[in-house]
Amino acid sequence: MSFKENMNLYSKGDKAFVYLNMFLIAMFTASTLYPFIYVASLSFSLGDAVTAGKVFLTPVDFTVAAYEMVVFDPAFWTSYRNTFIYTVGGTLTSLLFIIPCAYALSRPQLAGRKYWNMMIAFTMWFNAGMIPFFLNMRDLGLLDSYFGIIIGFACNAFNIILLRNFFEAVPASFEEAARMDGANDFQVLWQVFIPLAKPAIATITLFCIVSRWNGFFWAMILLRDEEKIPLQVYLRQIITQLSDDDTFASSLITSAYSFETVSSAIMVLSIIPVLLVYPWVQKSFNKGIMLGGVKE
Amino acid sequence: MEDINHSLSTPEPMLLVKSRRVVKHLRKEWQLYLMLLPTIIWFIVFLYKPMYGLQIAFKDYSVFKGITSSPWVGLEHFYTLFNNDQFIRAIQNTVMISGASLIFGFPIPIILALMFNEIINPKFKKTAQTIVYLPHFISAVIIAGIVITAFAPSTGVINLMLNAMGFDSVYFLTKPEWFRTIFVGTGIWQEAGFGSIVFLAAVAGVSPSLYESAVVDGASRFQMMYKITIPCILPTILIMLIIKIGNILEVGFEMIIMLYQPATYETADVISTFIYRQGLQAAQYDLAAAAGLFNAVIAFLLVITANTISKRVSKTSLW
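Residues numbered from 1 in each chain as written. Chains lettered and ligands numbered in written order. Predicted model: local features only at pLDDT ≥ 70, side-chain atom pairs only at ≥ 80, totals over all residues.

Looking at an unreviewed UniProt entry, one finds chain B named Sugar ABC transporter permease, with Psychromonas marina as its source organism. Recorded in UniProt for chain B, the comment headed Sequence similarities (unreviewed entry) runs: "Belongs to the binding-protein-dependent transport system permease family." Here is the UniProt Subcellular location (unreviewed entry) comment for chain B, exactly as written: "Cell membrane". (UniProt positions renumbered as here; feature names shortened; annotations may be inferred.)

An unreviewed UniProt entry lists chain A under the name Sugar ABC transporter permease, with Psychromonas marina as the source organism. The record in UniProt for chain A states the following under Sequence similarities (unreviewed entry): "Belongs to the binding-protein-dependent transport system permease family."

Structure follows, in structure tokens:
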């Protein structure tokens, strides 16, 4: 039944209700979208126009000067490259830990299963906190290293439990068939469970990618070397300079670009990859995987 | 000799049988343990070892002596903390900010879910959902960057609009009285859409037969929402509320670090930012670890209590 036909069945009051509701949702959606449009418009506006307070919604005196400024800054590309290393390396490492572990935890023949599960789940409710974690990373010699950022955040209880539940729901008959053919655990996992759990693994992968891409706090704390910082930390440095130091901000202003247009351009460039994976992210949480996931 | 042998001979075979069984089990299932092992080691090295390191909360920690050999000082750091106005202020601010986020932020996802449910045009619904879920996936740095840009005194859109209406510019981010409003508002803007998913799932679970019989009785759509949908999703609402209360000490501190400045510490400094400044910036590790331990213990108790209550409410635990 199409939308129009459906509407014909409604009373006048219902129609008014439906349209009012649509209007309100449209308003809410627009207000969600507006800040992004605003930033994008700033990034494409002439610095002078921004400084004069002319930019509200659409670019004024369209220019790509701010982008030119950004892409000719080697520090931007270094941080962009680093973010790629952390995202790809971190996500692959996470999967290498999480998938086999979730499989093992889902097998009834694993001794002490209850205790392993408790050990992992406990960390969702209690953790030592910022300072002991930092001191531990320092004592392990993982400050200022790519490896430290990648390995130090490889696992989390939530993802393991999510995938374990998915594996537990796989009917025993699938495994039995593979066992008849003489498959060992690694083969069962690879040939049976991973293909069946594709949606769940995809979800975990996407959430790892997004959280790696967005993560900045620990990168800011653990990395001193400017050559190793990810994009978000670089962006933070630019933005804090904007809010702290007016002289620095004004030193950057020329007629073509201003501080606002440059930092907006970096923001736009760092949102784009998130937008690229977003359709898949949305597909996976529309299936309700994240919701049915965590139950014990 | 005979006697000794005899006394030993009874437990020995038992042990042997047991260890033989273990060996046999491991020989058969070693692959499973191999799969489990790396993650267990990871949890020990990265999450449980820091818990051992938490003892510095009760020690006079010195970098040179290390965690284990630093001398104990008992509860000294806790006395210092509770006599520290900044720490007390941080606790108050944490509760204030979380409380405000809860009061203003909690109802909005529910209302959104109910409204989404009333949209019949599937394309419109999907587009709107795609857009309102998006901010959840954008990093704190970018969200803060947008806020800083939009609230900037001379070029930001907020002040431009104030100017257009004849008001003077306000440098919002240096004003303590504005911090909570801006922070909580930003949080709602970022998370309300994504937060509606859980309620939408609950709405989808309402039996269609209830609506069918209501249509037969001539109920309007608003009446159906009010009399059927809301009561049906009430358990979900309750559970989510309990969970939120349980997590009241969790504040999006990455965002606060981006947005606050000494001028606004008065209202913006929360427990985690206090720990960050004392520990990581001023290198007072032991004192900051004590603050962290206090925070973690209270948070743990709150979450456990919330979980127990939600178990009773729903008969199924969320975790």
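## Some words on the interface of chain A and chain B
On the side of chain B, 75 residues touch chain A, which itself brings 82 residues to the contact. If one sorts the elements of the side of chain A that touches chain B by residue count, helix 2 (residues 12–43) of chain A sits on top with 16 residues. Each residue belonging to the side of chain A that touches chain B can be placed in one class, and the counts come to 53 nonpolar, 23 polar and six charged. (Contact = placed C-beta atoms within 7 Å. Helix = DSSP H or I, 4+ residues; strand = E, 2+ residues; numbered from the N terminus. Nonpolar A, V, L, I, M, F, W, Y, C, P; charged D, E, K, R; others polar.)

## Things to note about the nonpolar core
One finds Leu-163 of chain A together with Ala-291 of chain B to be the most contacted residues of the largest nonpolar core, which totals 154 residues. Structurally, this core is a two-domain feature, drawing no fewer than three residues from each of domain 1 (2–69) and domain 2 (76–314) of chain B. Those residues within four positions of Ala-291 of chain B in sequence are excluded, and the remaining contacts are Leu-81, Phe-87, Ile-271, Phe-274, Ile-275 and Gln-278 of chain B. (Core = buried A, V, L, I, M, F, W, Y, C linked by C-beta atoms within 7 Å. Buried ≥ 20, exposed ≤ 12 C-beta atoms within 10 Å, placed from the backbone. Domains from an automatic or database assignment.)

## Things to note about the packing of helix 7 (residues 130–139) of chain A against helix 15 (residues 271–281) of chain B
Two elements in contact, helix 7 of chain A and helix 15 of chain B, have axes whose closest approach is 10 Å; the angle formed by their N-to-C orientations is 30 degrees. With respect to their mutual orientation, helix 7 of chain A and helix 15 of chain B come out roughly parallel. The way helix 7 of chain A lies across helix 15 of chain B gives a crossing that is right-handed. Residues Met-130, Ile-131 and Phe-134 of chain A of helix 7 of chain A form the contact with helix 15 of chain B, whose own contacting residues are Ile-275, Tyr-276, Gly-279 and Leu-280 of chain B. Of the residues contributing to the contact of helix 7 of chain A with helix 15 of chain B, the split by class is six nonpolar, one polar and no charged. (Axes fitted to C-alpha atoms, helices over the stretch in contact; angles between N-to-C directions. Parallel < 35°, antiparallel > 145°, perpendicular 65-115°, else oblique. Left-handed = near helix turned anticlockwise from the far one by under 90°.)

## Here we look at the confidence of the model for chain A
Summing up the model confidence of chain A, the mean pLDDT is 87 and the portion of residues at 70 or higher is 88%. In this model, residues 291–296 of chain A is a region of pLDDT below 50 whose contacts with residues beyond four sequence positions or in other chains number 13 contacts. (pLDDT = per-residue confidence, 0-100.)

## Notes on unusual backbone geometry
Even without a glycine there, the phi angle at Asp-144 of chain A is positive, about 60 degrees. Despite not being glycine, Ala-283 of chain B shows a phi value in the positive range, around 60 degrees.

## Focus on the UniProt feature "transmembrane region" (unreviewed entry) in chain A
Residue and element names in this part refer to chain A. Here, the residues flagged by UniProt with the feature "transmembrane region" (unreviewed entry) are residues 16–37, 84–103, 115–134, 146–167, 188–213 and 262–281. Span residues 84–103 is 100% helix and 0% strand, its end C-alpha atoms 28 Å apart. Along residues 262–281 the backbone is 100% helical and 0% strand, and the end-to-end C-alpha distance reaches 29 Å.

## Some points on the packing of helix 10 (residues 176–204) of chain B against helix 12 (residues 221–246) of chain B
Residue and element names in this part refer to chain B. Put simply, helix 10 and helix 12 touch, their axes get as near as 9 Å, and they point 140 degrees apart. Classed by the angle they form, the pair helix 10 and helix 12 counts as oblique. Here the hand of the crossing between helix 10 and helix 12 comes out right-handed. Seen from helix 10, the contacting residues are Val-198, Phe-199, Ala-202 and Val-203; seen from helix 12, they are Thr-229, Ile-233, Thr-236 and Met-240. Broken down by class, the residue content of the contact of helix 10 with helix 12 amounts to six nonpolar, two polar and no charged.

## A look at the UniProt feature "transmembrane region" (unreviewed entry) in chain B
All names here are of chain B. Here the UniProt-annotated "transmembrane region" (unreviewed entry) positions come out as residues 30–48, 95–116, 137–162, 182–207, 228–249 and 287–309. For residues 137–162, helix accounts for 65% and strand for 0%, while the C-alpha atoms at its two ends are 30 Å apart. From the first C-alpha to the last, residues 287–309 spans 33 Å; its make-up is 100% helix and 0% strand.

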